[in-house]
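Tertiary structure, described
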Amino acid sequence: MQLSRVAAVLALSAGMAGATDFATPAEKVRSSLAEAGLEVSFDRAEAGRLVNQARAAYETVQDEWQKADPAAAREVSAALTDAKSAANKGDEIALNRAGATAWTALLRGAYTGLEGSIQAADADAARDWLAAREFRVASKLTRLNADATAAVEALATGTLKPDAALKAVRSDVLDGYQARMNDALRELDTAQSRGFRTLAAGQAALAQGYFQLLRPAYLNQNGGAATAELEGQFATLPQGLPTVQASLSGFRAAPLSEREVTARAAQVTRFLSLVPVEYGRGVKQGGGRAVVTQGVEVNEARTFLGGAVSALTDIAPLLPDQNAARTLSADFAALNARLSPQMMKAQPAAPAEVEHQVNALLGSVKSAFPADWQKADAGADLDVVRTQLDAVVAAAEAGEWTAAETARLDAYALLESGTEARIAVFNPELKVHLENLIWNGTAPAGLAALIKKQAPASEFKATRAELQITLAEMAKILGTEVAPAAVATNAGIIVFREGLEAVLILAALMGSLRREAVRHLRRPMWLGAAAAFGATAVTWFVMQGALSLLGRYGEKLEAVVSLVAIGVLLLIMNWFFHQVYWTDRMAGFQKHKHELTHGGGVLRAQWWGLAVLGFTSIYREGFETTLFLQSLVLQVGAAPVLSGTAIGLALVIGVGVAVFKWQAKLPMKKLLIWTGVLIAAVLAIMVGNTVHTLQLVGWLPVHPLPFELSANLGLWLGLHATWEGVLLQIGSVLAVVGSFFAAEALKTRELRQRQQQAVRG
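Below you will find a few notes about this structure. In this text, all values refer to a predicted model and were calculated from it rather than measured experimentally. (Residues numbered from 1 in each chain as written. Predicted model: local features only at pLDDT ≥ 70, side-chain atom pairs only at ≥ 80, totals over all residues. Heavy atoms only, no water.)

**Re unusual backbone geometry**
Geometrically, the link from Leu237 to Pro238 is a cis peptide bond, its omega value of 10 degrees lying close to zero. Looking at where Pro238 falls in the secondary structure, it is placed in the loop between helix H11 (224-235) and helix H12 (241-248). Positioned with a positive phi, Ala121 is a non-glycine residue whose angle comes to about 60 degrees. Unlike most non-glycine residues, Gln454 shows phi in positive territory, near 50 degrees. (Helix = DSSP H or I, 4+ residues; strand = E, 2+ residues; numbered from the N terminus.)

**Description of the nonpolar core**
Membership of the largest hydrophobic core comes to 73 residues, with the highest contact counts inside it found for Tyr58, Trp65, Leu114, Ile118, Phe234, Leu237 and Leu248. Considering each element in turn, this core owes the most residues, 12 residues, to helix H6 (residues 92-119). Discounting chain neighbours no more than four positions away, the residues touching Ile118 are Ala126, Val152, Leu155, Pro162, Ala165, Leu166 and Val169. Leu319, Phe332, Ile438 and Ala448 belong to the second-largest nonpolar core, a separate cluster that totals 67 residues. (Core = buried A, V, L, I, M, F, W, Y, C linked by side-chain atoms within 4.5 Å. Buried < 20%, exposed > 50% of the residue type's maximum accessible area, 1.4 Å probe, protein only. Contact = heavy atoms within 4.5 Å.)

**Quick look at the pairing of strand E2 (residues 289-292)**
As judged from the four bridges shared by strand E1 (residues 283-286) and E2, these two strands associate in the antiparallel manner. Looking at the pairing, Gln285 lines up with Ala290 of E2. What sits between E1 and E2 in their antiparallel hairpin is a turn of two residues, with Gly287 showing a positive phi close to 65 degrees. (Pairing = 2+ DSSP bridges.)

**Here's the deal with helix H17 (residues 351-368)**
The terminal C-alpha atoms of H17 lie 26 Å apart, and with 18 residues this matches the ideal 26 Å at 1.5 Å per residue to within 8%. Among the residues making up H17, those that are buried are Val354, Gln357, Val358, Leu361, Val365 and Ala368. What you see down the axis of H17 is that its buried residues fit within an arc of 100 degrees, all on one side. Opposite the buried face of H17, at more than 90 degrees from it, the exposed residues are Ala352, His356, Lys366 and Ser367. Buried-residue contacts for H17 involve helix H13 (258-282) and helix H15 (322-338). (Expected span 1.5 Å × (residues − 1). Arc of directions from axis to C-beta.)

**Quick notes on the packing of aromatic side chains**
Here the distance between the centres and the angle between the planes together describe a pair of aromatic rings. Enumeration over the complete set of coordinates arrives at 11 aromatic pairs. Their ring planes at 40 degrees and their centres at 6.2 Å tell us that Phe271 and Phe304 sit as a pair that is tilted. With a gap of 33 residues between them, Phe271 in helix H13 and Phe304 in helix H14 (residues 295-315) connect regions that are remote in the sequence. By the burial criterion, Phe271 is buried, and Phe304 matches it. One aromatic cluster is present, built from ring pairs that chain together Phe211, Tyr218, Phe234 and Phe251. Taking the ring centre of Phe135 as reference, the NZ or CZ of Arg133 above it sits at 4.0 Å. (Phe/Tyr/Trp six-rings, centres within 6.5 Å; stacked < 30°, edge-to-face > 60°. Lys NZ or Arg CZ within 6 Å of the ring centre and 35° of its normal.)

**Some points on helix H5 (residues 70-89)**
Between its first and last C-alpha, H5 extends 29 Å over 20 residues, near the 28 Å set by a 1.5 Å rise per residue. Buried residues of H5: Ala72, Ala73, Val76, Ser77, Ala79, Leu80, Ala83, Ala86 and Ala87, and no others. Buried-residue contacts for H5 involve helix H2 (23-39), helix H3 (44-59), helix H4 (62-68) and H6. In the stretch just after H5, Gly90 is the one whose phi turns positive, near 75 degrees.

**Here we look at the packing of H6 against helix H7 (residues 123-130)**
Taken N-terminus to C-terminus, the directions of H6 and H7 make an angle of 165 degrees; their axes are 8 Å apart at the nearest point. The orientation of H6 with respect to H7, classified from their angle, is roughly antiparallel. Crossing of H6 over H7 shows left-handed handedness. Here Gly109, Ala110, Gly113, Leu114, Ser117 and Ile118 of H6 come into contact with H7, specifically with Ala125, Ala126, Trp129 and Leu130. (Axes fitted to C-alpha atoms, helices over the stretch in contact; angles between N-to-C directions. Parallel < 35°, antiparallel > 145°, perpendicular 65-115°, else oblique. Left-handed = near helix turned anticlockwise from the far one by under 90°.)

**What about the pattern of salt bridges?**
Taken as a whole and judged by the stated rule, the model has 21 salt bridges. Ionic pairing is found between Arg464 and Asp390, a salt bridge with its closest N-O pair at 2.9 Å. Of the two residues, Arg464 is situated in helix H23 (residues 457-478) and Asp390 in helix H18 (residues 378-397); the sequence distance between them amounts to 74 residues. Given the relative accessible area of 10%, Arg464 is considered buried. For Asp390, a relative accessible area of 26% translates into the label partly exposed. A salt bridge links Glu435 to Lys431; the shortest N-O distance between them is 2.9 Å. On the criterion of helical spacing, the pair formed by Glu435 and Lys431 is a turn pair, its members being four residues apart in helix H21 (residues 428-438). As far as burial versus exposure is concerned, Glu435 and Lys431 are alike and both buried. Within this structure, Asp175, Arg252, Arg264 and Asp314 form a network of salt bridges that share partners. (Salt bridge = Lys/Arg side-chain N within 4 Å of Asp/Glu carboxyl O.)

Dropping the structure here:
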């Protein structure tokens, strides 16, 4: 029996001063009998003493068990008697069987007491009995389910009626016991194949005991005859294992909700797809054979495979084709055996072979799973993210900084490509906080910053704890049902927000190029914008096959494109104020105007500059927008996302048309002033968002302001609470204003010189 049971039971019983303690005596019975099973082959007297210790612990709560479930209480007593006899005889097999029987009978009595307390609306008693439950085995990919605890607390506060509380408790607790029964049957199969008779006897008794907890549900679903037949098959274990497994096919004591089924199915495919990735990092091909180079990566591959197997076990009974379910289970078992520690030590499989086997399995899964099961589920991604964040901490503790950075990037890639789209709109503050924790934030320090300075483990754990809280908040948002209209609104807001900035840049510059002499300079901007739309479309299709890869490096790509956009905008702005603006005010000097509009080398540079500005203005927004929209498509399908995108584009185009029409009515002098103001505002937003991105990826330092700013200010105005961002935004506005007044001063000086020449002439 595993130590996770001890942790699970004691975790619930901790901090409940004043309550009746059922958990501690029950755990004492289990642990004492387990120790007796280890001692009996060496010291029968010590084994007998431990059995007596178990009985003494049980006698402290025997009356309560007798009241709750007399049959279970008698079974515990009988098992303890059998354990004492086995200890005296030195019978290791019988002692392990008796220990398993006593433990599951204790659990059955506690569960009966729990149900009775809830039906009587006695929340205090329900808490006491619930503390003596057992959870499914926890792993890095699964978390302890607290639905039963929440239901009991809701019963205590009166927010949940007894019937509803009982339904929630049954779903949670019986799900755990069925998982335990399935684990025992798998362990029994393994023990039999390896000739471990003592272990096989203990696992057989555990499986039989867990079934007694599930018996009422099986009876209700299958009838008395089938139930009696299955009980007879359990009595023949371990020999009758195949018949037991066949009879249990399709049975679930606690039916999964539609959402839970989809979540489990998503876990199967997500976890399985990561197996060859982790395996390929840990095993390299060289000298004609595969060699393990990083054992921790191979362990990660096994962890993901174990998570996929666990999820498949939960939903396999629900598959329409049970033959396909059995085939899948066998194929997963074969892969599991291939990655076992024994096989890895003897002869590791080549990474290409594992990838081929996994791809074949994924194909089988896709064929076997109904279409409704194959929807993307963000919860599965969050499970993987948690695992990768745990790997960051573990690698940092071991001083493996490259592995820590790889795990960090993997975690962020999943978030960037799968969950941030919804978080960005529904809770922008949470998105910003999450990015700071994973990148280069402060208080607590971001993981990227901690890895860069090779910080002590305590700092990593502090950030990981904060990330756990943040991910839990994200899970609440992602766990809510989202109507198609809400998804369409989400997509529309993203498109409008990201497109508005680009449209304003184009409108500002193109509006000022309305005179015939410079009208042709609009063309390179339109061509650049058209090229950006084409590049965005290509990015959309590329992302369908490489979403995680682009998620890993998306922030850095966005930072580079943004820097180019800002640089080109500054150059074009300088040219605009010193050439277009000046020339328009000096309309009488036709020779210079001719040089501006017909000069060969200068115009080519201007043409390319305007084309690059048109491209970067659109593509820097198009890349992130495509990333967000692609993740929404994975979650809910294309129709609502495309409808929202169309609405967002229509609004952006509407704003652009309105600005163009309004500009056309303005006198040229007012238009030029308006253009300068608009360029200053857009440049400030671009600079603010670019500085924030550069700080995220660690290319700029972070010095926070002494006060917080709303994340919406960052989304819409590029205003983030760091000194670097604010000061550089102010600097960008001053650059625009300075360029404007410099052009004005040059114009005034040139006019004065022309006037003086005219007077002398």
